[in-house]
Every structure is written in C-alpha cells, then in structure tokens.
Amino acid sequence: MPLIHRKKPTEKPSEEEVPDDEDSQKKPHESSKTHKKSSGGGVDKGKWSCVDSCCWFIGCVCVTWWFLLFLYNAMPASFPQYVTEAITGPLPDPPGVKLKKEGLKAKHPVIFIPGIVTGGLELWEGKQCADGLFRKRLWGGTFGEVYKRPLCWVEHMSLDNETGMDPAGIRVRAVSGLVAADYFAPGYFVWAVLIANLAHIGYEEKNMYMAAYDWRLSFQNTEVRDQTLSRMKSNIELMVSTNSGKKAVIVPHSMGVLYFLHFMKWVEAPAPMGGGGGPDWCAKYIKAVMNIGGPFLGVPKAVAGLFSAEAKDVAVARAIAPGFLDTDIFRLQTLQHVMRMTRTWDSTMSMIPKGGDTIWGGLDWSPEKGHTCFGKKQKSNGTRGEDGENSVSKTKPVNYGRIISFGKEVAEAPPSEIKNIDFRGAVKGQSVPNNTCRDVWTEYHDMGIGGIKAIAEYKVYTADAVIDLLHYVAPKMMARGSAHFSYGIADDLDDPKYQHHRHWSNPLETKLPNAPEMEIFSLYGVGIPTERSYVYKLNQSPDSCIPFQIFTNAHEEDEDSCLKAGVYNVDGDETVPVLSAGFMCAKAWRGKTRFNPSGIKTYVREYNHSPPANLLEGRGTQSGAHVDIMGNFALIEDIMRIATGGNGSDIGHDQVYSGIYEWSERIDLKL
Amino acid sequence: MTSILRFRKLCFSSVTPKSANTIRSEDTVIPEAKHTSTAVKPKRRRSGIWSCIDSCCWAIGYLCTAWWLLLFLYNSVPVPAMLQAPESPGTRLSREGVKAHYPVVLVPGIVTGGLELWEGRPCAEGLFRKRLWGGSFTEILRRPLCWLEHLSLDSETGLDPAGIRVRAVRGLVAADYFSPCYFAWAVLIENFAKIGYEGKNLHMASYDWRLSFHNTEVRDQSLSRLKSKIELMYVTNGYKKVVVVPHSMGAIYFLHFLKWVETPLPNGGGGGGSGWCAKHIKAVVNIGPAFLGVPKAVSNLLSAEGKDIAYARALAPGLLDSELLKVQTLEHLIRMSHSWDSIVSLLPKGGEAIWGDLDASPEEDLTCTFSKRKSLQPSLTNLHTQNISVKQELWVKEPTKFGRIIAFGKRASELPSSQLSSLNIKELSRVNNTSNDSLPCGEYWSEYSEMSRESIVKVAENTAYTATTVFDLLRFIAPKMMRRSEAHFSHGIAENLDDPKYGHYKYWSNPLETKLPDAPEMEMYSLYGVGIPTERSYIYKLSTSSGKCKSNIPFRIDGSVDGKDVCLKGGARFVDGDESVPVISAGFMCAKGWRGKTRFNPSGMETFVREYKHKPPGSLLENRGTESGAHVDIMGNVGLIEDVLRIAAGASGQELGGDRVYSDVLKISERIKIRL
C-alpha cells in the first residue's frame, strides 16, 4: 500500500499545476486553486474548510506515518539495542550466547508444557456466526474477534455445561507446535525467549517440543477427546530414541505443572484409564522436571475467580479489555458472560487450593503467619529474606487462613468472636433477585436471597470451607469438576481409591514415580505481592447478577499493610504464593517421604524479582512475575545447564530468598 | 486499520476548528488594521507553499479516505449471491452422512513446504524462526544474496553448510498456503474438517524437501517421526489404518518411506518389520505423482530454466529477465538448485525403455491435439471427446521424437538417428583450457566454470540425448553434483528385483527398482490432471553470451523454435499432462507397472488411475478454479477432493468407480515394453 501511495504525490501536483495556468477549467475538489483564490475572491472558502482540510490532515498524518515507518524499516536491526546500551550500559549476553561460548551443546531433548491461558486455540468447526474463521485463532494472537463479535466468541470458547466437552457443532482445538505458546499476543512473549536461547546452542524442532493441549478441558478429558496424553507419550518416546537414548528434560509452566503430574501417573497406569507405559516409564524417559511457577497446591486466586469472576488474571480476559469490562454500561453483561464462560472450563477447578486447612491455615493460624509486607521498601533495597522475618511486625498479624471473609472486621477478629451460622443446610430460596440475568447462565440465578444471606452470615471461609462454599454456590459445576479433580490429603496412599484419575494431579494424593535418578526442580519468582485471601461484601447494586464482590475499599492506612483493595497479599510471583510453588519441593518431597517413595532429588530455585529499570528493557531480564519469569536470564541459564547435561548440584542446589523453609516447617503433615 | 482511522478522526476533529479559525481570521484581517499585516504575511507564504506539499498531503488524504471508505463498504456489504462460492464438497458429503473414518497423513511435494531459519549468519539477523521459503518471500528482495546463501546446501555433502540451520516448518501450516493467497493444501484441509477431521486425525508430514530422502532421516529423523506418527494415529483412532495423501514429489518420498519402514534397523531402515505397511496403511492416494520423474528436472539442472519446478522464477520474472541482472541471477539459481539433492530425484527414471529412444517414444503418434483445439476452442473443454479423425489428420509427417529429451538445434531433434553425431560423451575430457583466460564472475560455485569452451561446443554439436544418455550429459557437466546425488537416487530399471543390491536406500524411491510392500489389502491410487500441455523434451542452443564471464551457463533453451502446432513452442515439446508431470510419469505405474500381480507389485495390491480433465476457470472471479487439472491447482478440484474424502471416509476404489481415464495413458502404457 505505501508503494502505491508514495507514487501519488508525484502525479498529483503536476495535474494540479495545469489548472493553475488555465483558470477557465474548474474542478470542484481542486483544493489548491480554491485556496489560492481565497486571497482574492474568498467565495470557495467555506468548501475548503470542511472536507478538504480533513483530507489534508489525513494526508499529512499518512505521510509522516509512512516516513517514520520507512525510517524504522531502514534502521538497522541492532539500533534499539544500541540505544539501550548507550543509556543503561552494556547488557549482559543472553544466556544462549554465553553458554555457547562456554562450549555447551544441545544434549537432552526438551519438552515444554504450557500453562493455562497461554496456549492458543483455533477453530475447526463453528456456528454460522464464525464463518471464515476456520483454523484462525480464537484465543491468543490479536483477539480481534473478541471485539468484532463478542457473543459469538464467548459461545465458541465456552464448553458444554454438563459434560465439560465440546458443545454440539463447535470444535475449538489447541494449536500445535511451538507456535502454540511462543507468543501469547504479538509482542507478548511466553516461551519465545527460552526457545531462542535454546536454539543458540543447537536446539531445533527435532529435540524441542511444545506439548500443547486444550487447557480448558480437565486433564483426563484432553486424553479422551484429543488423545493429548498419548501424543505426548509417543513424542517423548520418539525424541528420546532419535536422540540416541538421552532422557528428556520436561519444562512445565504454571498449570502445565499439574498437567505433567497427571501425565506421570497416567503414563504408568495400566491401559484402559492410563497409558500403559509400565512402572518404570518415567525412570526410563525422564531426566528432570523443571517446574516454572508451579501452583502445586493451587492458587487462592482461583477461588475468587470462580466465586465472583474477579481474579486478576486467572482469566486474562479481563486484562485484555479492562476498560471494556469496567465500563458501567457493559459491566452487568460482560462479567456474567466471562463467568459463564470460565465456569464451563474444568481446568480452572484444578487450581482450587489443595490440602485444606492443613496446608493453607485455619481460622487462627496460617503458615505464613508473621510475614510482613514491605511493599515498596523491599523493592527499593532489593534485600529481603531474613530481615523480613526478624523484624517484628508492628501491624496486626494477618489471618491468611481465612481465604474468604465477609467484612474487614471479621477478617481481623480473633476466632472466638466469630459466630458461624452454617450455610450448608440453608435453603437456597426460590426468589430470583434480578430477572435480567436470566438469559446469562450462571448458577447464581438458581439462588434466592435466603441462600445469599446464609453465605454472607457464615462470615469466614478457610480452605476446607471454601470448597463447601463452591459446592453450595455452583453445585453443577463442582459436580462436574469433582469427577476430575480432588483437593484433599491422602491418609493412606496405598488405598486403591487413589488409582482414580481425579487424584493424579494432586501431589498430596499421589506418589511420585519410582525413578530415583530423576530430578524435580521448582523454579519460581519471589518478591511480588501475591493474592492470598480476600475480603468480600454483598453486592448491593440492583443491576448485578453476581451477588458477591471483593470489598475493594478494605485497606489499612499503613503503607506496609498486606491488605490492599480487599486482598491480603503474601510473597510470591504475582499469581502463585510461595507456599504453593515451593512447599512440595522444599518439604513434602524432600528425601524419602511417603509422597516420594523412591527419594527423587528435589531442588527449590527462587528468583528475586527486580522490575525492569526503564521502559526500553521491555519486560525485563530479571523479572520474577509469573509469566515474565520466562524471560529471566538466570532461570533460562539454569534450564539450559540442565538440558545440556548438568544436574541439580551443578547449578548450585537450592536458592532461596523467601521464608519457604520456615513456613513449610509450620505445616504439620505426615510424611 | 479501523483503530488508526478512529484515531485520525479524533485528531481531525480537534484540528478542524483551528484551521477554520485561521481562515476566518484572514477574512477579518484584510479589511482591518495595519498591525495585522505582519500576521498576514506568514499566512500568505503558507498559501504559497500550499500548492506544493499541501496539495500532496491533500491528495494523499483524499485517496486514503476514499480507499478506507471502499474498504469499509467492502467489508460491511454482504457477499452477493453470485460471488458466493458453490457448496464445497465437504459440506455436501457431510450432509450425505460421510464421516471421518481413517486418519489421514498428508505428504507435501517439492517447493510447496515452508522452510524457516533456526541458525544463520549475521546477515540474517532477526529472522529467527521466520520463513525463508513460503510466505511472502520479502527477504528475497531485501537481501537476495543472504537469502541464497541460507537456502543453499553444502555442495559436498548435501547437508547444512556450517553455521546455517534452515528447517522445515512443522504442522499443517507448513504447506497449507504456499504464499498468502496461493493455496496448496488449505482447500483440502478445510474440506476434511467439514467431515470431522482435526489435528488428532489429520497430520502433515512436512520434511525438508531440499535434502535427499535418506538425508531427511539422517539429519531430522523425518522418516522416524512419520513412522511414529502413523503408529500413534493408528492406535489413538481405534486401530484404524491410515490413508496417506502424497502430492508430487511426496509420492516418491512416500515410496521411499514404504521401503524404509520395513527394512530392518541394521540395514538403515526403520525396523518396522515386514507387515508394517499391511498393518498400518489403508491406501496411498497419490496426487499428481511424479513416479517416473519429470523431464522438466533435466532442463532445470542444465540451465535453471524449468518453468515452475522452482517457482523462484515466476516470483520475480522481471528480475530474472532483465539483461542487467540476468547473468547473476540465473547463475545463482543454478548454484542453489545444484546443491539440492531432491531435484535429482525427479530426473526421468527408467531410461529409454520408458521415455523412448532416439527414434521412437510411447507418445509419438498421439500428439498435438492441443493445437487445433486451442485455436478453435480456447476453453479446451471437450478435449478428449473430439473425434479421432482430427487426430489422424494432424498426424501428418513423421512422428515427433519425444525420446530425444535434449536436442541441440531443431535439426537434431528431427533428423533420423543415423545422421546424428555419434559422440561418446564419457570419453570427452573436461580439462580446463587455461588459455580461456576469462575469470569466474563471482565466488559462487557452478561447475560450468571448470569446463572448457571446446568441450562445451563438442557436447552441443548436432547431438540429441535420450533419457539414458542425458545422465551422461549431466555427469559430464556437473560431475560433483551427480556423484553426490547418485549416492541417494537411482534412475534405472531393475533386471532382478531380488538382487541384494536393491536393499540399498538409493533404490527405494524408484518404483522400477523396488517392490511394493507385501500388503494385498492396501490400495494405490494415482490421481492427476490431464489436458494441459506439459513439457516433455527440449531444444537447446549454445548461449551466445559475450564470454566476459566464464561461469555463464553455456546452454539455453532455444526459445525461438516454434512448430506449426502447440506441441512445439518456445523450444519445448509438449504432451498431455498436468503442466508439470506428463501422463506417462503419473499414470504408468498404476496403469500398468503395478496393475495385477507383477514383479513390482508381488502381493497384487489394487491400483486405480483417476484422471481429472482440466477446465480453466470460467472467469476471473473463480480465481484458480474448482475444476482445474494443473499440478498444484488440482488440490482445489472438487472432483478430486470428493474422491479423497470418500476414500478417507472408508470407500474402496471400486466404490469410487474404479479407473477414470481421459488421456491415452492406457495406449501409451501398452507401447512400453518392460518385463513385468
């Protein structure tokens, strides 16, 4: 297009000069003439000022735009880097280049397992309204369709309410290959940086594989519908055999961590339900599992997401269109639609906090007790860890165990003062608070005022009670979900009931495979306030169909407080609290325990968050945030060293900044 | 786009009042006070400049607005009924109740598969995992030499040059569209999806088509991956066998695979054991298969002049034909294509027994029915329903000697064989005459630079080469390349197929030197287009270059040679085919070589020949047409798509209606006398 237009200016002026000489000719749209005449006649001025100046302006903008674009294209590719280096001083070599200089070469095949949300989904069969979108991305990419036909999009992204599988006549499938999750949206990398660095030392698609799966489905259903687990098994076997028997290094991220736990149980389980790989499959094919930001024990955010669709990024949908969601006109519809959509996704239920009160704390205690939130101070001096623990906090201890509490007073009150009125038996009531919500399906419209009141009166919910709460609020969804996931702690792991696939993704109800040579790493960021528990209120607004809302006015005057906008924060990577990411590797699997009978070596590697110094750095090379950590040079280097044959002690065993050990100590769990 | 538009409108609304103000102030100023004269002056000057830059801006703005308006209208107006595409075969079959049954593997051919960069020289910075081949090809124009360097392979090994890794794109995207608007597999995939196919039962077996078939396994393990993928799909789809759909060179790639997979591991095979094919494969549906090679490959290797084996030419015709760049471009192309082993796999196979000798060829009297038809009825519609009397009238004098694949000069292509020079090319020396003091033109490698002018002249003197002797010519001209590639491909006919030497992988892709697997229930299809003139033999001349540059390609197709009919045009003789593959190459094996129990097909698997008559698109609106028979466009042919879908949904060849023949392939096959 630019080519066409750049030619035009050379033609046009010549055309316009002609009528200048022969004044007798009149072209109504000839602006130059009209303007010239304006000094004398001034008759045509009126015309000029309207359409022509508009055209003139657009032309100007276009020309400058093209000019800048041309300059940008003509600029050598290294220019931005040069500018950055001039401002911030020389950048360190990316780990790929650095390790290549050290002489490291591709060795073990690497398998990536993307997490929730980051994988692309594309359309294979759709309703009339999705015409022309065949094999186009509905999720990931530019999300253009969200704006163009939002309702159509929601319809196609939702799954069936009853089965959790495809609705009739709609097939949306995961994109396969590395493109599935290298970039989430243009410019927003997920795996791309890691892939590029691995390519430097000789990796390519024959020894690098993205195990993309449809992250909306429950884990077992990905096998039932798409045979994703079988494909992954076959691919790992193939890659190991074509790389002359070198075992694979698995790199799961976020929910992919749970997915791979499920896979490890599935692959060794006998055929009808499992993959039939035999009891030593993992020992034979897997060298190391390098979990990045793994929510082993779930994330509290998932609760808020399911309860009121308000989690900050479990459904990134909100982040994509924040203005859109928050405008008051659309709000009543949009949030409902998002909620209805996310509730059809079984996978969100895999992230509900696991282990109940034992792990997450009860009414009066929590493992993170005494943690203080230094907010900005931490970030500025960058040293945290012990001094955080030693300094006695002036603020009141936070009761993190109360994952949901109604009202700030309740969140802080001593346990003896809380009077629970049991909601479990309460009649939901028939009256519907608002009829306009009918067309949008959420289970809230089945619930009357009585039920809502009962929930609010129970006041405080701990991790155990939260699950009952969800069962009460959304019985259909939880019935579907509990066929696929389980949130408890096993008393006796040899109990045959734990052979059912719904336990496989819960590390507290399964044993690790019998593979003493395997290594398990937990790599995650720390130093960012992470949602841990919520203060809720009843939603009084008559328009809203969701009767509960995070009480965003609840906060402390003290700047150091952990309570911000109705959310109590702890240390973590912005999404996953340290406890969930670190506990298994720091304690429950350490040494020979009942969860880890063969004594697989485990390592905890934390990466302290330091935000990018300036805008030029983009998302930073030392970030600890949940997704941005994939561009963290230290983390990439660790992964590459393992992939090229190193082991946990080569990269320096544990690396801990947070209070994970202390907190793990407080958890009283039979090992 | 729309967002930019909106942005501009916003800005505009804030600016218009201003400009209106200035004009209004001008109005008021003129009759008024003196001190304003200073303010008027700059405005006057502005109006002076106006005529130049501002009118440009105005014009551009005007055009942009009009353009956006049209674009907006175009997007918002529903497609009128007459433009709406007719119902696709997939939708129709799906309504008839045809459902996905067998898993499907697609095997793309040469050229259509995308290639992307994994490691490159500094000049290719920023192209990591970007397509070098396929897509928009913008890099050719931006940095042509860099592009050539990265796409070339090592001339000694036929593998990656040091420091460069270019790899095949994986997945369906590898070959669904060759470039943004030029579909290859996309239409077929879309129709497959309509009857219920998706990623789990539809797989694209992409491979690096520049490499020799054996090397795709050595470097990328492509064959192992294909094997594992087929096994996986067989299991996960409830133990249903796989339907394989190869296209063009993919057909011989898959022949190679069939032998490879059953050969035991120590012999360099896949170790699937005999019976693997019988267990896993239901049918092989070859589309436009180049089983016996294409004559086009010869001209491509001799002078880089194949018309579309390397689309590169078609992409930048102006660039290639301009005199300025010609010297460089063609040389570069020949150097690049000489480094690709795969082109050698497409050289004509079977020698004179198949392609005809100096005097006779299987197609000799069946020719030149295009000419009349083209002039009389340009649409070529009832190509073969024409009465035979026309044919016999046209066959006037001597039969055309198609057997002479390369002839130097028109005389040499028509003379009786006794009058041709009896040059034994093997005895010629290619000693470099140092007195020929011109220097090579660049650093690029082309073996022509090592040849003396005398030997070139000798080679070209009144000679003609058949499918057998053309190999001597190639070996003489490009000895290194042929030595490298002939370790991977063979082009003969086996006397005794049980000879243990045929266990070597170089024979696996030649259907005349291998047996089909022992799989009596498997079906072999050959689907191809007919009714388009297809290059069959060439008339060459010595290039009359200035001689400044020694590495000039010394031979050119003699474009000035035109016959009375369309069968001889622009220095090439044409026969029936699909524009790239002549009927004899695509159809002979299924029509005769494998038909029934022959020595090439010991288990007697069924073979079917299905031809699709070419019908050019009726109007421009139809784009590439839904009834095309051209080599690539045939993948959008509704008849072919329906056949492929039905096979995939479980139909057997008999249910499709057995053979469907329009051309003279059966007659041609009759004439070919090889032991079966």
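Before reading further, recall that the structure is shown in the block above.
Every value quoted in this text rests on a predicted model; they were computed, and no experiment measured them. Sequence order as written defines the numbering, with residues in each chain counted from 1. Both sets of labels track the order of writing: A upward for chains, 1 upward for ligands. pLDDT decides what is reported in this predicted model: residues at 70 or higher carry local features, side-chain atom pairs at 80 or more are listed and counted, and totals for whole chains, interfaces and linings draw on all residues regardless. Where side-chain values are given, they derive from all heavy atoms of the structure, hydrogens and water being excluded.

S.K.: Whenever I open this one, the overall build of chain B confuses me. Can you help?
M.R.: In terms of helices and strands, chain B carries 25 helices and 17 strands. Looking at chain B as a whole, 56% of its 676 residues qualify as buried. We call two residues contacting when some pair of their heavy atoms lies within 4.5 Å. Residue pairs at least 24 apart in sequence account for 75% of intrachain contacts in chain B once pairs closer than 6 positions are excluded. Only the protein chains shown count as covering a residue, and every accessible area follows the Shrake-Rupley method with a 1.4 Å probe. Counting every atom, chain B has about 27800 Å² of accessible surface; 57% of that belongs to carbon and sulfur. Each helix is a run of H or I in the DSSP string that is no shorter than four residues. Each strand is a run of E no shorter than two, and both are numbered from the N terminus. Only protein chains enter the accessibility calculation, which uses a 1.4 Å probe; a residue is then buried when its area is under 20% of its type maximum, exposed when over 50%, and partly exposed in between.

S.K.: Got a minute to help me understand the sheet that holds strand E12 (residues 523–530) of chain B in this structure?
M.R.: Each strand in a sheet pairs with its neighbour through backbone hydrogen bonds, running either in the same direction (parallel) or in the opposite one (antiparallel). Residue and element names in this part refer to chain B. Read across the open sheet, the six strands follow the order E7-E1-E8-E9-E12-E17; overall the sheet is parallel. Lying at the two open borders of the sheet, with one neighbouring strand each, are strand E7 (202–204) and strand E17 (606–613). The sheet shows a mean angle of 15° between the axes of neighbouring strands, direction not considered. When strand E9 (residues 281–287) meets E12, the two strands line up parallel, connected through five bridges. Within E12, the position partnered with Val285 by the bridge is Tyr525. For every element, the axis is a line fit to its C-alpha atoms; helices are fit only across the contacting stretch, and the angle between N-to-C directions ranges from 0 to 180 degrees. Docked against the sheet, helix H22 (residues 583–593) engages E12 and E17, running at close to 155° with respect to E12. For two strands to pair, DSSP has to find at least two bridges joining them.

S.K.: I'm lost on the pairing of strand E2 (residues 121–125) of chain A in this one. Help?
M.R.: When a strand is regular, its side chains alternate between the sheet's two faces. Residue and element names in this part refer to chain A. Most of E2 sits out of view: four of its five residues are buried. Of the pairings in the sheet, the one linking E2 to strand E3 (residues 137–139) comprises two bridges and is antiparallel in character. Looking at E3, one finds that Glu122 is bridged to Arg137. Judged from the four bridges that link them, E2 and strand E4 (residues 171–174) form a sheet pairing that is antiparallel. Looking at the pairing, Glu122 lines up with Arg173 of E4.

S.K.: Explain the nonpolar core to me, please; I cannot follow it from the model alone.
M.R.: Side chains that are nonpolar tend, in soluble globular proteins, to be buried together. All names here are of chain A. Nine residue types can take part in a nonpolar core, namely buried Ala, Val, Leu, Ile, Met, Phe, Trp, Tyr and Cys, and a core is a set of them joined through side-chain atoms within 4.5 Å. Ranked by internal contacts, the top residues of the largest apolar core, which has 159 residues, are Phe112, Trp139, Trp191 and Ile236. Ranked by residues supplied to this core, first place goes to helix H11 (residues 255–268) with 10 residues. Taken domain by domain, the makeup of this core includes at least three residues from each of domain 1 (108–297 + 513–523 + 579–666) and domain 2 (356–486 + 528–572). Beyond its immediate stretch of four places on either side in the chain, Ile236 contacts Ile111, Ala248, Ile250, Phe263, Trp281 and Tyr285. Each domain span listed reflects an automatic or database assignment of domains.

S.K.: Just checking my understanding: could you explain the state of the cysteines for this structure?
M.R.: What we call a disulfide is simply a covalent bond connecting the sulfur atoms of a pair of cysteines. Residues and elements named next belong to chain A. Here, the term disulfide refers to a pair of cysteine sulfur atoms separated by no more than 2.5 Å. Under the counting rule described, the total for this entry stands at two disulfides over all chains. One disulfide in the model links Cys129 with Cys152; its S-S distance is 2.1 Å. Looking down the S-S bond of the Cys129 and Cys152 bridge, the torsion is 85°, so its handedness is right-handed. Of this pair, Cys129 sits in the loop between E2 and E3 while Cys152 sits in helix H7 (residues 150–157), and the two are 23 residues apart along the sequence. A relative accessible area of 32% means that Cys129 is categorised as partly exposed.

S.K.: Just to check I follow, could you spell out the environment of B:Asn637 for this structure?
M.R.: Residue and element names in this part refer to chain B. Mapped onto the fold, Asn637 is located in the loop between E17 and helix H23 (638–648). Taking relative accessible area as the criterion, Asn637 reaches 4% and is therefore assigned buried. Between the alpha carbons of Asn637 and Leu188 there is a distance of 9.1 Å; along the sequence they are 449 residues apart. Among residues more than four places away in sequence, those in contact with Asn637 are Tyr612, Thr626, Glu627 and Ser628. At a separation of 2.8 Å, a polar atom in the side chain of Asn637 contacts the main-chain amide nitrogen of Gly639. Pairs of N or O atoms within 3.5 Å make up the polar contacts considered here, provided that, within protein, one atom can donate a hydrogen while the other can accept it, and that residues adjacent in sequence are counted only when both atoms are side-chain atoms.

S.K.: Explanation requested: the packing of aromatic side chains in the structure shown.
M.R.: How two aromatic rings sit relative to each other is set out by the distance from centre to centre and by the angle between their planes. Residues and elements named next belong to chain A. Ring pairs shown here join Phe, Tyr and Trp side chains whose ring centres sit within 6.5 Å, with only the six-membered ring taken for Trp; geometry is labelled stacked below 30 degrees between planes, edge-to-face above 60, and tilted in between. Counted under the stated rule, the structure contains 42 aromatic pairs over all chains. Pairing Phe263 with Trp281 gives two aromatic rings, centres 5.7 Å apart and planes at 75°, and the pair type is edge-to-face. Here the residue Phe263 occupies a position in helix H11, and Trp281 occupies one in helix H12 (residues 281–285), the gap between them amounting to 18 residues. Residue classification places Phe263 among the buried positions, given a relative accessible area of 0%. Pairing Phe406 with Tyr536 gives two aromatic rings, centres 6.2 Å apart and planes at 50°, and the pair type is tilted. Of this pair, Phe406 sits in strand E10 (residues 404–406) while Tyr536 sits in strand E13 (residues 528–538); the two residues are 130 residues apart in sequence, bridging distant segments of the chain.

S.K.: Would you explain the side chain of A:Ser234 in this entry?
M.R.: With respect to the helices, strands and loops of the structure, A:Ser234 is situated in helix H10 (residues 228–242). In this structure A:Ser234 comes out as buried when scored by relative accessible area, which is 14%. The contacts of A:Ser234, once residues within four sequence positions are left out, are B:Ser228 and B:Leu232.

S.K.: Would you explain helix H13 (residues 300–308) of chain A in this entry?
M.R.: Because an α-helix completes one turn every 3.6 residues, residues spaced three or four positions apart along the sequence face the same direction. Along H13(A), nine of the nine residues are buried, which leaves the element largely enclosed by surrounding structure. Among the residues making up H13(A), those that are buried are A:Pro300, A:Lys301, A:Ala302, A:Val303, A:Ala304, A:Gly305, A:Leu306, A:Phe307 and A:Ser308.

S.K.: Honestly, the pattern of salt bridges in this entry has me stumped. Any pointers?
M.R.: Two side chains bearing opposite charge may form a pair once their charged atoms approach each other closely. All names here are of chain A. Only one rule defines a salt bridge in this text: a Lys or Arg side-chain nitrogen within 4 Å of an Asp or Glu carboxyl oxygen. Scanning the entire structure with this criterion turns up 49 salt bridges over all chains. For Lys511, the salt bridge identified is with Asp494, shortest N-O distance 2.7 Å. Of the two residues, Lys511 is situated in the loop between helix H23 (475–482) and strand E12 (519–526) and Asp494 in the loop between H23 and E12; the sequence distance between them amounts to 17 residues. Using a relative accessible area of 28% as the deciding quantity, one classes Lys511 as partly exposed.

Any link to function would need more than the numbers given here.
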